[in-house]
Amino acid sequence: MKKIPAPKLDFNTYVARPETHWIEREPFDSFTSIYGSGYLPYSGTKGLQNIFYSARSARVALNDFELTSENRRIAKKFDGQFIKQRIPLKEFRITPEFIDFFVSYFMQRHGPCVMPRERLELILSCGLVSTVVTYAKDSRPIGYVLEVEDADMAHYWYSAYDLSLIRQSLGLWLMGDCVSDAKERGLAHYYLGTVYGEKALYKTNFEPLEWWDGKGWNSDIKILKEISAKVSTAREITTI
């Protein structure tokens, strides 16, 4: 990992935090070592590849992972309803319909600037995504998850799903299904992205959760919730 100066960012998708550090992935660097050091991939600016930033990321320690009561409640709604496939990106057919599904989801859920077509195409071509997890019912797509995977870890990077099911917590079920799948595959850790603000605390439904505190992996969820409550009032902003 090579530390680099802060790159020129697209501020439609990112507002830099003062303590953010940046690295460039070198050929011999594994995702396991990069993620394990508290870094996540940056995808907000065209022309930048293999750039990672320090963040308050979260991961599930899969060896001890078990479904919580909330996980089990949501699982009853969706388990067994969909046809699921894990398809290596190099074998996945990127159709206009897939692009439209993803872009439409982000436009309705997060606004037009977060995931325009150009950014999605950048993410799919940057060499980080290893797998597309697909969910379908009656030949109709229900959801997609883009994963980054290494020998003993994986990262739930981006997902898009049928927003008609949002009030039934389909998004939380998708994440839980991928966490459970990762444990079955024998991985050590499953990364869930950042935990900034109270809106991200749904990730604490997955136990045992660890979060990067700037020096190491911290399992004190009480502290994480206290920090998140404080920054929610301060409007803390990071990458999505």
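Residues numbered from 1 in each chain as written. Predicted model: local features only at pLDDT ≥ 70, side-chain atom pairs only at ≥ 80, totals over all residues. Heavy atoms only, no water.

Help me understand the overall build of the protein in this model?
Helix and strand content of the protein: 6 helices and 12 strands. Taken across its 240 residues, the protein has 50% of its residues classed as buried. The long-range share in the protein, meaning contacts at least 24 apart out of those at least 6 apart in sequence, stands at 68%. Accessible surface for the protein amounts to roughly 12200 Å². Of this, 50% is attributable to carbon and sulfur atoms. (Helix = DSSP H or I, 4+ residues; strand = E, 2+ residues; numbered from the N terminus. Buried < 20%, exposed > 50% of the residue type's maximum accessible area, 1.4 Å probe, protein only. Contact = heavy atoms within 4.5 Å. Areas by Shrake-Rupley, 256 points an atom, 1.4 Å probe, with all protein chains shown as cover.)

How should the pattern of salt bridges be read in this particular structure?
Here the idea is simple: oppositely charged side chains can pair when their charged atoms come close. Under the criterion given, the structure shown has 10 salt bridges. Arg117 is paired through a salt bridge with Asp100; the nearest N and O atoms lie 2.9 Å apart. Separated by 17 residues along the polypeptide, Arg117 in helix α4 (residues 117–125) and Asp100 in helix α3 (residues 96–110) bring together distant segments of the chain. Owing to a relative accessible area of 35%, Arg117 belongs among the partly exposed residues under this scheme. For Asp100, a relative accessible area of 40% translates into the label partly exposed. Arg185 is the salt-bridge partner of Glu149, the closest N and O atoms lying 3.4 Å from each other. Linking Glu149 in strand β8 (residues 140–149) with Arg185 in the loop between α5 (170–184) and β10 (189–194), this pair joins segments that are 36 residues apart in sequence. Overall, Glu149 belongs to the partly exposed group, its relative accessible area being 23%. What makes Arg185 partly exposed here is its relative accessible area of 29%. Here the residues in one salt-bridge network are Lys84, Arg86, Glu147, Glu149, Asp177, Asp181 and Arg185, joined through shared partners. (Salt bridge = Lys/Arg side-chain N within 4 Å of Asp/Glu carboxyl O.)

What am I meant to see in empty space enclosed by the protein here?
Over the atoms a probe the size of a water molecule is rolled, and this reveals where empty space is left. Inspection of every chain in the model, using the stated rule, returns 1 cavity of 30 Å³ or more. In this structure, the largest cavity encloses a volume near 60 Å³. Forming the walls of the largest cavity are Tyr42, Ser43, Leu48, Gln49, Asn50, Ile51, Leu122, Cys126, Leu128 and Trp157. Across the lining of the largest cavity, the residue classes break down as 7 nonpolar, 3 polar and no charged. (1 Å grid on protein atoms, 1.4 Å probe; cavity = no way out; pocket = protein on both sides within 12 Å on 5 of 7 lines; lining within 4 Å. Points joined across faces, edges and corners; volume = space filled by probe spheres on them. Nonpolar A, V, L, I, M, F, W, Y, C, P; charged D, E, K, R; others polar.)

Got a minute to help me understand the layout of surface pockets in this structure?
By volume, the second largest pocket is sized at about 250 Å³. Lining the second largest pocket are 14 residues, with Gln85, Ile87, Phe92, Thr134 and Tyr144 positioned closest to its centre. A breakdown of the residues in the lining of the second largest pocket according to their chemical character gives 8 nonpolar, 3 polar and 3 charged.

Explain the pairing of β8 to me, please; I cannot follow it from the model alone.
Moving residue by residue along a regular strand, the side chains alternate between the two faces of the sheet. In terms of residue burial, β8 counts as a mostly covered element, since 7 of its 10 residues are buried. Both strand β7 (residues 131–137) and β8 contribute to a ladder of 7 bridges, which runs antiparallel. In the strand pairing of β8, Thr131 is matched with Glu147. Between β7 and β8, which pair antiparallel one after the other, the connecting turn spans 2 residues, and Asp138 there sits at a positive phi close to 55 degrees. (Pairing = 2+ DSSP bridges.)

For this particular structure, what's the right way to read the nonpolar core?
The nonpolar side chains of soluble globular proteins are, as a tendency, buried together. Formed by 73 residues in total, the largest nonpolar core has its most connected members in Phe98, Phe102, Tyr135, Leu146, Leu170, Val179 and Tyr190. If one sorts the elements of this core by residue count, α5 sits on top with 8 residues. Those residues within four positions of Leu170 in sequence are excluded, and the remaining contacts are Phe78, Phe82, Ile142, Tyr161, Asp162 and Leu165. (Core = buried A, V, L, I, M, F, W, Y, C linked by side-chain atoms within 4.5 Å.)

For this particular structure, what's the right way to read the confidence of the model for the protein?
Detailed reading of predicted coordinates is not advised where the pLDDT is low. Put simply, the protein has an average pLDDT of 89, and 89% of its residues get 70 or more. A low-confidence stretch, residues 11–15 (pLDDT under 50), is modelled with 19 contacts involving residues beyond four sequence positions or located in other chains. Below pLDDT 50 for its whole length, residues 232–240 participates in 25 contacts with residues either more than four positions away or in separate chains. (pLDDT = per-residue confidence, 0-100.)

Explain the side chain of Glu147 here, please?
Structurally, Glu147 is set in strand β8. According to the relative accessible area criterion, Glu147 is buried, its value standing at 0%. Reaching out from Glu147, the side chain makes a polar contact with the side chain of Arg86 at a distance of 2.7 Å. Sequence-distant contacts of Glu147, that is, excluding residues within four places in its chain, are made with Arg86, Leu128, Val129, Ser130, Thr131, Val133, His155, Cys178, Arg185 and Tyr190. (Polar contact = N/O pair within 3.5 Å; in protein donor to acceptor, adjacent residues only side chain to side chain.)

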